[in-house]
Amino acid sequence: MKKIRIAGPPGAGKTRFVVNLYYDNIQTHSPTEIIMTSHTGTAADEIRDRIKDKNNILEYENKTGKDIKALIKESTETLKETVSTIHKYCCSVIKKIKGQSVVFNGDDYEILKQQFPLFNTHTGSKKFHSLDMLIAGHPFFRFHSTARDNGLDTVQYYRTLSFEERRDYKYKIEELQYLEKVYNNFKNNEKVNLRAPKILDFQDMIQIFTDSDEINAEDLGIKILIVDEAQDSSVLQRAAEKKMAAAADLFYKAGDPDQALFEFAGADPDAFHKEFAHPEEELEQGFRCPRVINEYCKKIIKPVWDYYGYERVWAPRRELDKEGNPTGPIVEGEIFEMMSLEQDPNLAELTRRIKETNESFVFTCRGNEPRETIKYLMKLGVPFNLVDKDDRFR
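Below or above, wherever it landed, is the structure these notes cover. If you're wondering where the values come from, they're calculated on a predicted model, not measured in any experiment. (Residues numbered from 1 in each chain as written. Predicted model: local features only at pLDDT ≥ 70, side-chain atom pairs only at ≥ 80, totals over all residues. Heavy atoms only, no water.)

## What to know about the packing of helix 9 (residues 139-149) against helix 14 (residues 202-211)
Two elements in contact, helix 9 and helix 14, have axes separated by 10 Å at closest approach and are oriented at 25°. Compared by their axis directions, helix 9 and helix 14 come out roughly parallel. Classified by chirality, the crossing of helix 14 by helix 9 is left-handed. Residue-level contacts link Ser145, Arg148 and Asp149 of helix 9 to Gln203, Asp204 and Gln207 of helix 14. Classifying every residue of the contact of helix 9 with helix 14 by side-chain character gives no nonpolar, 3 polar and 3 charged. (Axes fitted to C-alpha atoms, helices over the stretch in contact; angles between N-to-C directions. Helix = DSSP H or I, 4+ residues; strand = E, 2+ residues; numbered from the N terminus. Parallel < 35°, antiparallel > 145°, perpendicular 65-115°, else oblique. Left-handed = near helix turned anticlockwise from the far one by under 90°. Contact = heavy atoms within 4.5 Å. Nonpolar A, V, L, I, M, F, W, Y, C, P; charged D, E, K, R; others polar.)

## Some words on helix 7 (residues 106-115)
Among the residues of helix 7, those classed as buried are Gly106, Asp108, Tyr109, Leu112 and Lys113. Buried residues of helix 7, viewed axially, fall in a sector of 145°; they line one side. In helix 7, the exposed residues that point more than 90 degrees away from the buried face are Asp107 and Gln114. Where helix 7 is buried, its residues contact strand 4 (102-103), helix 8 (131-137), helix 9, helix 12 (173-187) and strand 5 (199-200). At the N-terminal end of helix 7, a side-chain oxygen is found 3.0 Å from the backbone nitrogen of Asp107, two or three residues along, and the residue is Asn105. (Buried < 20%, exposed > 50% of the residue type's maximum accessible area, 1.4 Å probe, protein only. Arc of directions from axis to C-beta. Polar contact = N/O pair within 3.5 Å; in protein donor to acceptor, adjacent residues only side chain to side chain.)

## Structural notes on the sheet that holds strand 1 (residues 2-7)
Where strands meet in a sheet, backbone hydrogen bonds hold them as pairs that are either parallel or antiparallel. Taken together, the 6 strands give an open sheet; going across it, the order is 3-2-6-7-1-8, and neighbouring strands pair in parallel fashion. Single-partner strands in this sheet number two, and they are strand 3 (83-85) and strand 8 (281-282). Bridge analysis of strand 6 (residues 224-227) against strand 7 (residues 250-255) gives 4 bridges, and the strand direction is parallel. By the bridge assignment, Ile224 is partnered in strand 7 with Leu250. Against the sheet, helix 2 (residues 41-52) contacts strand 2 (34-38) and strand 3, and its axis sits at roughly 175° relative to strand 3. Sheet strands in contact with helix 15 (residues 235-245) are strand 2, strand 6 and strand 7, and its direction is about 160° off that of strand 6. (Pairing = 2+ DSSP bridges.)

## Points about the side chain of Asn25
Tracing the sequence through the fold places Asn25 in helix 1 (residues 14-25). The residues touching Asn25, leaving out its near neighbours within four places in the chain, are Ile34, Ile224, Leu250 and Tyr252.

## Considering the nonpolar core
Ranked by size, the top nonpolar core spans 55 residues in total, and within it Phe104, Phe119, Phe141 and Phe209 carry the most contacts. Among residues more than four places away in sequence, those in contact with Phe104 are Tyr109, Leu112, Leu131, Leu134, Phe141, Tyr183, Phe186, Lys187, Arg195, Ile199 and Leu200. Within the second largest apolar cluster, 24 residues are counted, among which are Ile57, Ile72, Ile224 and Ala254. (Core = buried A, V, L, I, M, F, W, Y, C linked by side-chain atoms within 4.5 Å.)

## Structural notes on helix 1
Taking 1.5 Å per residue as the helical rise, helix 1 with its 12 residues ought to reach 16 Å, and the 17 Å between its terminal C-alpha atoms agrees with that figure. What helix 1 keeps buried is the set Lys14, Val18, Val19, Leu21, Tyr22, Tyr23 and Asn25. (Expected span 1.5 Å × (residues − 1).)

## Description of a nonpolar patch on the surface
Together, Leu261, Phe262 and Phe264 make up a nonpolar patch on the protein surface, roughly 300 Å² of accessible area in all. On the secondary structure map, Phe262 appears in the loop between strand 7 and helix 16 (269-275). (Patch = residues over 30% accessible without salt bridge, like charges linked within 9 Å, V, L, I, M, F, W, Y side chains within 5 Å. Areas by Shrake-Rupley, 256 points an atom, 1.4 Å probe, with all protein chains shown as cover. Salt bridge = Lys/Arg side-chain N within 4 Å of Asp/Glu carboxyl O.)

## Structural notes on the packing of aromatic side chains
A complete count under the given rule lists 20 aromatic pairs for this structure. Relative to Phe276, the ring of Phe272 has its centre 4.1 Å away and its plane inclined at 20°; by these criteria the two rings are stacked. Accessibility expressed as a relative area gives 5% for Phe272, which makes it buried. Taking the ring centre of Phe287 as reference, the NZ or CZ of Arg16 above it sits at 4.8 Å. One cation-aromatic arrangement involves Lys243 over Phe209; the distance from NZ or CZ to the ring centre is 5.5 Å. (Phe/Tyr/Trp six-rings, centres within 6.5 Å; stacked < 30°, edge-to-face > 60°. Lys NZ or Arg CZ within 6 Å of the ring centre and 35° of its normal.)

## A short note on the packing of helix 14 against helix 15
The N-to-C vectors of helix 14 and helix 15 enclose an angle of 40°; their axes lie 9 Å apart at closest approach. For the element pair helix 14 / helix 15, the angle class is oblique. The chirality of how helix 14 crosses helix 15 is left-handed. Facing Gln203, Ile206, Gln207, Phe209 and Thr210 of helix 14, the residues of helix 15 in contact are Leu236, Gln237, Ala239, Ala240, Lys243 and Met244. Grouping the amino acids of the contact of helix 14 with helix 15 by side-chain chemistry returns 6 nonpolar, 4 polar and 1 charged.

## With respect to the pairing of strand 1
Bridge analysis of strand 1 against strand 7 gives 6 bridges, and the strand direction is parallel. Across the sheet, the residue bridging to Arg5 is Lys253, located in strand 7. Examined bridge by bridge, strand 1 and strand 8 share 2 bridges and lie parallel to one another. Within the sheet, the bridge partner assigned to Ile6 lies in strand 8 and is Glu281.

## Regarding the state of the cysteines
Counted according to the given criterion, the structure contains 0 disulfides. In this model Cys90 remains outside any disulfide bridge; the closest cysteine sulfur is found in Cys91, 8.7 Å from its own. On the basis of relative accessibility, which here comes to 0%, the residue Cys90 falls in the buried class. The thiol sulfur of Cys297 is not disulfide-bonded, and the nearest other cysteine sulfur, from Cys289, lies at 5.0 Å. On the basis of relative accessibility, which here comes to 26%, the residue Cys297 falls in the partly exposed class. (Disulfide = S-S within 2.5 Å.)

## Here we look at the pairing of strand 6
In strand 6, alternate side chains face the same way, and those of Ile224 and Ile226 on one face and Leu225 and Val227 on the other are all buried. Examined bridge by bridge, strand 2 and strand 6 share 4 bridges and lie parallel to one another. Bridge assignment links Met36 to a residue of strand 6, and that residue is Ile226. Traced from strand 6 through helix 15 to strand 7, the parallel crossover comes out right-handed. (Right-handed = clockwise from strand over helix to strand, strands pointing away.)

Now the structure itself:
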């Protein structure tokens, strides 16, 4: 197995690059021999859509002189399985080997909390319709998921937490241990869960795939493995990736340690920095950040690069030509640091531009509804739309 590391700073076109890798390899391999994983269903959907996009196919054909339309059409039916999250891939393999794979869901939680009201102590009347919602909004499921992603049991993980982090999880350690015990019993006892002999959560899917002697790397049929956003892989996920790659011809790892967001959930940015200090492929041209923002970001990240003994090129964004290539002049850009949309030295300039120019403005946020932004825009009386994570800008 040959490993090829692909490093790309923010906006350097990593997704475009892995899509082109799919186009390259579909010409010499069957669709089921190429497996690509990413960390969210939304990201996997985006990759699949880009693979099938007629303009992307045409652009590739024009640049390479190779006709791939028929090959992509033939692969369309298998893309749902071959381009997915890692836990979904593992689940599909388990189903093929063991005959079934039942996933824990919102209905299971309703039964669980009726049997054990302690689950409902800190969530009140809140409804959880899926495992994703439970991990995001329920303190026990968030704790349990994160502990397992780190490869730790309940007590081991609890000991790594600060006082503030422990308080954020609501439950005491004794309660967490009790909830874990009844949760595991619920998943593995059909008389209790009333549905199946074994119900799986995300970590179960990956753990069973990795540990099962019935699942051999040689039998997976993977010739090309492509892992996108590899810097965010957890302890469990890295073990599964190792098994998936064991019998592959090529293992492409695409990522950027500077964008590692999930160290709390088992990602290892330190090891990733060391592994990616000198990658086989470095994506040098940025397509997102204008010059002043690019240089501002480089100034922030340079001490980290110096510490690990490397430096990225990461060129600023250029105007695109008719073919979509960055051959035009460098885009300069501007920076206005703001801490508030209520009182800030630069607020007047932002307000002026919104009211008096034809520029488009995008406000992004993490977490809950951006109330401060909505309040500000309503006060200005300007039209705006809220765009959730499933909508895409084209």
